[in-house]
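# Structural description and commentary
What follows is the residue order along each chain.
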Amino acid sequence: MGKVTGFLEIDRREQKYQPASDRIRHFREFTLPLPESEVVEQASRCMDCGIPFCHGPTGCPVHNQIPDWNDLVYRGEWEEAARNLHSTNNFPEFTGRICPAPCEEACTLNLEDMPVTIKTVEQSIADRAWKAGFIKPEPAGEKTGKSVGVIGSGPAGMAAAQQLARAGHEVHLYEREPKAGGLLRYGIPDFKMEKHLIDRRVAQMEAEGVIFHYGVNVGVNTPLQDLLDKHDAVLMAGGSEAPRDPALPGQELEGVHYAMPYLVQQNRRNGGEEVQDLPILADGKRVVVVGGGDTASDCVGTAFRQGALSVTQLDIRPVPPVKEDKLATWPYWPTKFRTSSSQAEGAEREFACATLGVEGRNGRVTGVKCARVDAKRQPIPGTEFILRADLVFLAIGFAHPVHEGMLAEGGVELDKRGNVVADDMSYATCTPKLYVAGDMRRGQSLVVWAIREGRQAAHAIDTALMGESTLPR
Ligand code: FAD
C-alpha cells in the first residue's frame, strides 16, 4: 500500500482549472496538472483497502489495478506504474482526462468525501510515461497469418485493433471519417481532450502494424460483404449514432439543431478540417440546450467559447440532492448535484423543466416553450413559460446505432432498444465471422466501457481464430 498513514495526514487535492474567464477564450485543455511531488502525495493516500471496490466492476470497467499503481507512484516507480496501467487499459491518457471516474465514487475514502484522486494519478502516469519514452510500439513477435477487419476507429475499434495486432493478426481499421478517434475526435471538444493525443496513439498503432483506411463508409461506399470476403473476422465498432428525437413542435425551425452536427463542426474547425455544411455558431446568441448529460455540457462549453450571449440548459429531472446518502449508494455511482466545468463557465440551469416546443417567427427560432413538471415528469398546467432563444441544441442522447447501410446488409439481430445483439463473452453477431463491440452493442455509454468492449472482443476473436488466446480479457 502507499503510505500507511497517508490518508490521515494528507488531504485530497485535485487538479485546478484555468479561471473560466480565461479558458473560454480558447478551445485547448485548461486543467493545471499537479506537480509531481503532489501526485506522489495523492497516490500515497491510497490505503489498498481490503476490498478495493475502485477496480471492481462498479468502480472500473477495465479493472485498472488502482491500489497497485498508486503504490508504485508513491515509491517513485513510474515506469512500472505505466506498465501496470497499460496492462488493463490501452489508452489511459484518454480516460485520465475524460472518464467520469466511477472509481473515485467507489473509493473507500469517499465514505468521507475525500476519495483518492485516482483520475489525476492515472493521467499523470500516462502523460509522464509518454514524456519519458516508456510508451513504445509493441509489434507482435510472430504473425498468425490471419487477417481481421475492424470497422470504426472510436475507442472500441482502436482498443480492439491494437490488441489484435499485438496478438499477431493483420489488422485493417476502416473509418468513415478522414481521421481516427470516433467521438473522442469529433464529439468530445478539444477543451476536454486535445486531439494530438489520438494522433500519437494512431502512430503507435501504425508502427504495430495496424493499417488505417479513411473515408470508407461500410455499407454505403464499401459493401460489408467485401470485408467479410477479405478477412477471417470482421468487428463492427460503429458507435450509437442515431439521435433520440424529442419530436418537439417547431423543431424544424431554423436555428434548432441536434447537438452532434454542432460539436462535429467545431471539432473539425479546431482540427483544420473543412466544414462543408452551413456554419452553426453561437456568437452573440441566446442559446438554449435541451438535455442534462455530457453532450449537453459540451454544447454549453462550446457555445461559451464561440461568444454566446447566454446559455441556458434544460433538464427534465428534479434538482438532485447536493449530497448523496453514502450508506445507501456507496460504492455505486450516486445521483447528486454535479456541476461540469462547462456549466461552471456561466450556464443557467433549469431543473424539473419540460420542453414543450420551439417557437419562431419567419421560419427562425425565437424561443423555447417550457413548463415545470411533477414527480412523474408530467407538465404542470399553468406553469408554462417561454425562454427567448436564437439557437437551440437538442442533446437528449442517442437512441441506437444507425440501422441503414452496414447493419441492414449484415443481417444482424437487434435488441428491443435497437442495439446489435451479441453477448459479452463471444461478441459474435448471428452472422458468421461478424462481431460487434462498443456503443453499437451496449448502447450509448462511456469511453472506458468502449475500451473494455474492444479489448474483450479482441480476446474473443483471437480465441475464435486461434483456438486460444493470451490476450487479457
Ligand atoms: P464511437 O466513438 O462512436 O466511434 C464509432 C466510429 O465508427 C466513428 O469513428 C464512426 O465514424 C465510425 N463508423 C460508424 N459507422 C461506420 C461505417 N459504416 N463505416 C466506417 N466507419 C463507421 N464518454 C466518456 O467516458 N467521457 C466523456 O466525457 C464523454 N463525453 C461525450 C461527449 C459527447 C458529445 C458524446 C456524443 C459522447 C461522450 N461520451 C463520453 C461517450 C463516448 O464518447 C462513447 O461512449 C464512446 O466514444 C463510444 O465508443 P465507440 O468506439 O463504441 O464508438
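Residues numbered from 1 in each chain as written. Predicted model: local features only at pLDDT ≥ 70, side-chain atom pairs only at ≥ 80, totals over all residues. Heavy atoms only, no water.

## A short note on the domain arrangement of the chain
Annotation of the chain at the domain level lists domain 1 (6-132), domain 2 (147-241 + 400-466) and domain 3 (245-396). Taking the mean C-alpha position of each, domain 2 and domain 3 sit 30 Å from one another. Contacts between domain 2 and domain 3 engage 13 residues on the former and 13 residues on the latter. Carbon and sulfur atoms make up 46% of the area that domain 2 and domain 3 hide from each other, which totals about 1,100 Å². (Domains from an automatic or database assignment. Contact = heavy atoms within 4.5 Å. Buried area = accessible area lost by both parts, 1.4 Å probe.)

## What to know about the packing of aromatic side chains
Applying the stated criterion across every chain, the model contains 7 aromatic pairs. Seen from their ring centres, Y17 and F30 are 5.2 Å apart, and the 85° between their planes marks the pair as edge-to-face. Of this pair, Y17 sits in strand β1 (residues 16-17) while F30 sits in the loop between α2 (20-23) and β2 (31-32), placing them 13 residues apart in sequence. Judged by its relative accessible area of 43%, Y17 is partly exposed. Taking the relative accessible area as the measure of exposure, F30 reaches 4% and is therefore buried. For the ring pair F53 and W330, a centre distance of 5.0 Å and an interplane angle of 80° mean the geometry is edge-to-face. Of this pair, F53 sits in the loop between α3 (36-44) and α4 (66-74) while W330 sits in the loop between α15 (326-329) and β11 (348-350), placing them 277 residues apart in sequence. Members of the aromatic cluster, joined through ring pairs, are Y17, F30 and F191. It is R442 that lies over the ring of W449; its NZ or CZ is 3.8 Å from the centre. (Phe/Tyr/Trp six-rings, centres within 6.5 Å; stacked < 30°, edge-to-face > 60°. Helix = DSSP H or I, 4+ residues; strand = E, 2+ residues; numbered from the N terminus. Buried < 20%, exposed > 50% of the residue type's maximum accessible area, 1.4 Å probe, protein only. Lys NZ or Arg CZ within 6 Å of the ring centre and 35° of its normal.)

## Some points on the site of the ligand
In the region of the ligand, 37 residues are neighbours, and I98, E175, K192, V218 and D439 sit closest. Within the backbone of A237, one N or O atom sits 3.5 Å away from an oxygen atom of the ligand. The contact in question runs from an oxygen atom of the ligand to an N or O atom on the backbone of D439, over 2.8 Å. Starting from 1,000 Å² of accessible surface for the ligand in isolation, the protein chains cover 96%. For the shell around the ligand, the secondary structure elements donating two or more residues are α9 (155-166), β4 (170-175), α13 (259-270), α14 (294-305) and α18 (447-466). A breakdown of the residues in the shell around the ligand according to their chemical character gives 18 nonpolar, 11 polar and 8 charged. Summarising the domain contributions, the shell around the ligand has at least three residues from each of domain 2 (147-241 + 400-466) and domain 3 (245-396). (Near = heavy atom within 4 Å. Polar contact = N/O pair within 3.5 Å; in protein donor to acceptor, adjacent residues only side chain to side chain. Areas by Shrake-Rupley, 256 points an atom, 1.4 Å probe, with all protein chains shown as cover. Nonpolar A, V, L, I, M, F, W, Y, C, P; charged D, E, K, R; others polar.)

## Here we look at the sheet that holds strand β14 (residues 385-388)
Pairing in this open sheet of 3 strands is antiparallel, and the strands run β12-β13-β14 from one edge to the other. Either end of the sheet is taken by a strand with one partner, and the two such strands are β12 (353-361) and β14. Here the average twist between neighbouring strands, direction ignored, is 30°. One ladder, built from 8 bridges, connects β12 with strand β13 (residues 364-372); its direction is antiparallel. Bridge assignment links A354 to a residue of β13, and that residue is A371. (Pairing = 2+ DSSP bridges. Axes fitted to C-alpha atoms, helices over the stretch in contact; angles between N-to-C directions.)

## Focus: a nonpolar patch on the surface
Nonpolar side chains collect at one region of the surface, where V319, V322 and F337 lie side by side and expose about 290 Å² of accessible area between them. Locating F337 in the fold gives a position in the loop between α15 and β11. (Patch = residues over 30% accessible without salt bridge, like charges linked within 9 Å, V, L, I, M, F, W, Y side chains within 5 Å. Salt bridge = Lys/Arg side-chain N within 4 Å of Asp/Glu carboxyl O.)

## A few points about the pattern of salt bridges
Using the criterion set out here, one finds 32 salt bridges in the structure. A salt bridge links R97 to E29; the nearest nitrogen and oxygen atoms lie 3.0 Å apart. Here R97, found in helix α6 (residues 92-98), pairs with E29, found in the loop between α2 and β2; they are 68 residues apart in sequence, far enough to count as distant. No difference in accessibility class separates R97 from E29, as the two residues are buried. Residue E36 pairs with R128 through a salt bridge whose shortest N-O separation is 2.8 Å. You can see E36 sitting in helix α3 and its partner R128 sitting in helix α8 (residues 118-132), a full 92 residues away along the chain. Residues joined in a network through salt bridges with shared partners are E105, D113, K323, E324, K326, K336 and R338.

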